[in-house]
Amino acid sequence: MRRSTLLALQVLVAVVVLGLWQFFATVPVFERMVLPPFFFSNPVDVFSQIVAWFQSGVIWKHLVITLWESILAFAIGSLGGVMVGFWFARQPRVAAVFDPYVKMVNALPRVVLAPIFTLWLGLGIWSKVALGVTLVFFIVFFNVYQGVKEVSTTVLDNGRMLGMSERQLMRHVYWPSALSWMFSSLHTSVGFAVVGAAVGEYLGSAAGLGYLIQQAEGVFDVSGVFAGMFVLSAFVILIDMGVTLVERRLLIWRPAAADGRG
Amino acid sequence: MDTAQPNAVALDDATVAFRLADARVYTAVEKAKLAVAHGEFVAIVGPTGCGKSTLLNVAAGLLKPASGSVRIFGQPLTGLNRDAGYLFQADALFPWKTAVDNVAIGLEIKGAPREQALQRAQGWLTSVGLGAFGNRYPHMLSGGQRKRVGLAQVLIRDPKILLMDEPFGPLDAQTRQIMGNLLLELWNADRKAVLFVTHDLEEAIALADRVVIMSAGPSARIIGDWRVSLPRPRDISEVRMEKDFHELHREIWSVLKDEVMKGYAQSSQAAEAV
């Protein structure tokens, strides 16, 4: 398929879906609304709500809060994941001792921790950051752990024969290998950082996109809920594009998946 | 052999055994006696799975023999063999480093300034014919090019002993010949002691001063030792045409053939047992 055809078809899907939504939410069929406005709003109202948020500027404050929470959750979660992943991978005994607890905590649906974090850390950004950290940490941790464990023994032996000390092996072999695994899960972990922030806000906060959605829901403002959802997904897509750029730069040494060269 | 100088590598009755998962002991190599003199190129040939690589790992210090001794320039080997450069059979380049960084690393870890290390690495890349490929990552290079980078990575450290484990095994026939000639050319410059493992008898005779034959494993032994007196410098593809080459090949092959058959029989039996 040509690029332009593809784009046209993609736009067509959006036009059809939004058109149908608008039609069934505003024009009665056999004297009944298929999509009652009270529950479904309509695209025009949703769009004007978004425009109103940006015109008045209220949205920026919420966006910035959510962005900060996501960044902090990602940074702290990744740092912790890298350090603990490294530590466990290099100390199999420590890993063996903690193994059941790691599995237990990871098995827990993280949303149930939100009330605890709110109690401990209040309604400010830190309770959301904490929720995001619990999500990001485990993804990064498991990947780094795997990355350090699965360093090729030939590459390791080569490093040793070239005269590397343990510290140099760390720096030139283990570390890049672990980072490559971490970066390969970058999309997932960044996504989870945003999930943590938004869910945390939704469950109790005073600002952020999740708060915006929760507030609109509280007064049965369905347009507001949908508008919040659209802004949130656009926000995630933008962040994801940024991640792709970073990834391309950092993982330049990795073969593309389809590269068949021996 | 020069008796005044100790051998570069000397294995004396080295036995290597591994403990298997079910607590049995598998003896890979038994009482191997092998010496590589200064500047000597020794090839080890044997059927697949006979423990050739094991012997090389012992010389490198990556494996400890269960009994017997390993001496490097007369000194008993403890830990890794710091005088040796090792060219592995599998890909051993650091995939996250460019070709030039892969070569420079050997100097950088010794504390050489980065600028200087990169400059010399570039020089080595040029001498293995990859001067224009310094910025490529390993996955962007062909198998033969990666071997060249590997060779430069090992040689830049100027090791006194070169250990090579079927380094050209995965390459196609033409590339193998080209790599063989490149190796001989580089080796001719300063004549390091070389221990070269291969399963290809022709390659061994074409390259080496001495060809050592190992029996089929387990408990593989060294069963033959031939001196190759073909004149140097040699060209790998031309030396194969010579009469002496053929005679030597026939002589060694008559011994090796039985072992290869034994090796096959054993590995197929082992496969049936599994």
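It is worth spelling out the domain arrangement of chain A at this point. Residues and elements named next belong to chain A. Here chain A is described as being made up of domain 1 (1-40) and domain 2 (41-250). Each of domain 1 and domain 2 has a C-alpha centre, and the two are 33 Å apart. Taken together, the contacts link 10 residues of domain 1 with 9 residues of domain 2. When residues of domain 1 are sorted by the area they lose upon contact with domain 2, W21, Q22 and F38 head the list and together hold 61% of the total. Applying the counting criterion to the domain 1 and domain 2 interface returns 0 salt bridges. Inspection of the domain 1/domain 2 interface yields 2 residue pairs in polar contact (both at pLDDT 80 or more). At the level of elements, helix 1 (3-26) and helix 2 (37-40) are the ones that each hand at least two residues to the side of domain 1 that touches domain 2. If one sorts the elements of the side of domain 1 that touches domain 2 by residue count, helix 1 sits on top with 5 residues. Residue composition of the side of domain 1 that touches domain 2, grouped by class: 8 nonpolar, 2 polar and no charged.

Residues and elements named next belong to chain B. For helix 5 (residues 173-190), with 18 residues, the first-to-last C-alpha span of 27 Å sits near the 26 Å given by 1.5 Å per residue. Among the residues of helix 5, those classed as buried are R176, M179, G180, L182, L183, L184, L186 and W187. N-cap assignment for helix 5: the residue whose side-chain oxygen lies 3.2 Å from the backbone N of Q174 is D172. Phi turns positive, to about 50°, at R191, one or two residues after helix 5.

Residue and element names in this part refer to chain B. Per the counting criterion, the structure on display carries 2 cavities of 30 Å³ or more. Roughly 110 Å³ of internal volume is contained in the largest cavity. Taken together, 13 residues form the lining of the largest cavity, with L87, A90, A92, L93 and G150 sitting closest to its centre. Elements represented by at least two residues in the lining of the largest cavity include exactly strand 6 (84-87) and helix 4 (143-155). With 5 residues, helix 4 is the single largest residue contributor to the lining of the largest cavity. Broken down by class, the residue content of the lining of the largest cavity amounts to 7 nonpolar, 3 polar and 3 charged. In this structure, the second largest cavity occupies an estimated 40 Å³ of space.

Turning next to the sheet that holds strand 7 (residues 161-165) of chain B. Residues and elements named next belong to chain B. Across the sheet, which stays open at both edges, the 6 strands sit in the order 6-7-8-3-9-10 with mixed pairing between neighbours. Two strands lie at the open edges of the sheet, namely strand 6 and strand 10 (222-227), each paired on one side alone. Taken over all neighbouring pairs, the strand axes of this sheet differ in orientation by 15° on average, direction set aside. Bridge count for strand 3 (residues 41-45) against strand 8 (residues 193-198) is 5 bridges, and the pairing is parallel. Across the sheet, V42 pairs through a bridge with L195, a residue of strand 8.

Residue and element names in this part refer to chain A. Packing of helix 4 (residues 58-90) against helix 10 (residues 186-203) leaves a shortest axis separation of 8 Å and a crossing angle of 130°. Between helix 4 and helix 10, the angle falls in the class oblique. Handedness of the crossing formed by helix 4 with helix 10: right-handed. From helix 4, I65, T66, E69, S70, A73 and F74 reach across to helix 10, where they touch L186, S189, V190, A193, V194, A197 and E201. Here the residues of the contact of helix 4 with helix 10 are counted per class, giving 8 nonpolar, 3 polar and 2 charged.

Okay, the side chain of S177(A) next. Inspection of the secondary structure puts S177(A) in helix 9 (residues 166-184). S177(A) gets classed as buried once you look at its relative accessible area, which sits at 7%.

Interface extent is often summarised as the accessible area lost during association of the parts. Residues and elements named next belong to chain B. Entries for chain B in the domain assignment read domain 1 (9-83 + 160-273) and domain 2 (93-158). The gap between the C-alpha centroids of domain 1 and domain 2 is 26 Å. With 15 residues of domain 1 at the interface, the matching set in domain 2 holds 12 residues. Counting the surface lost from both domain 1 and domain 2, the interface buries some 1,000 Å², and carbon and sulfur atoms represent 74% of this. Run the count over domain 1 and domain 2 and you get 1 salt bridge. Of the charged contacts in the structure, one is a salt bridge between K192 and D158, with a shortest N-O distance of 2.6 Å. Seen at the junction of domain 1 and domain 2, the total is 1 residue pair in polar contact (both at pLDDT 80 or more). Looking at the side of domain 1 that touches domain 2, the elements with two or more residues in it are strand 7 and helix 5. Among the elements that take part in the side of domain 1 that touches domain 2, helix 5 stands out by supplying 7 residues, more than any other.

Scoring rules and cut-offs
- Residues numbered from 1 in each chain as written.
- Chains lettered and ligands numbered in written order.
- Predicted model: local features only at pLDDT ≥ 70, side-chain atom pairs only at ≥ 80, totals over all residues.
- Heavy atoms only, no water.
- Domains from an automatic or database assignment.
- Contact = heavy atoms within 4.5 Å.
- Buried area = accessible area lost by both parts, 1.4 Å probe.
- Salt bridge = Lys/Arg side-chain N within 4 Å of Asp/Glu carboxyl O.
- Polar contact = N/O pair within 3.5 Å; in protein donor to acceptor, adjacent residues only side chain to side chain.
- Helix = DSSP H or I, 4+ residues; strand = E, 2+ residues; numbered from the N terminus.
- Nonpolar A, V, L, I, M, F, W, Y, C, P; charged D, E, K, R; others polar.
- Expected span 1.5 Å × (residues − 1).
- Buried < 20%, exposed > 50% of the residue type's maximum accessible area, 1.4 Å probe, protein only.
- 1 Å grid on protein atoms, 1.4 Å probe; cavity = no way out; pocket = protein on both sides within 12 Å on 5 of 7 lines; lining within 4 Å.
- Points joined across faces, edges and corners; volume = space filled by probe spheres on them.
- Pairing = 2+ DSSP bridges.
- Axes fitted to C-alpha atoms, helices over the stretch in contact; angles between N-to-C directions.
- Parallel < 35°, antiparallel > 145°, perpendicular 65-115°, else oblique.
- Left-handed = near helix turned anticlockwise from the far one by under 90°.

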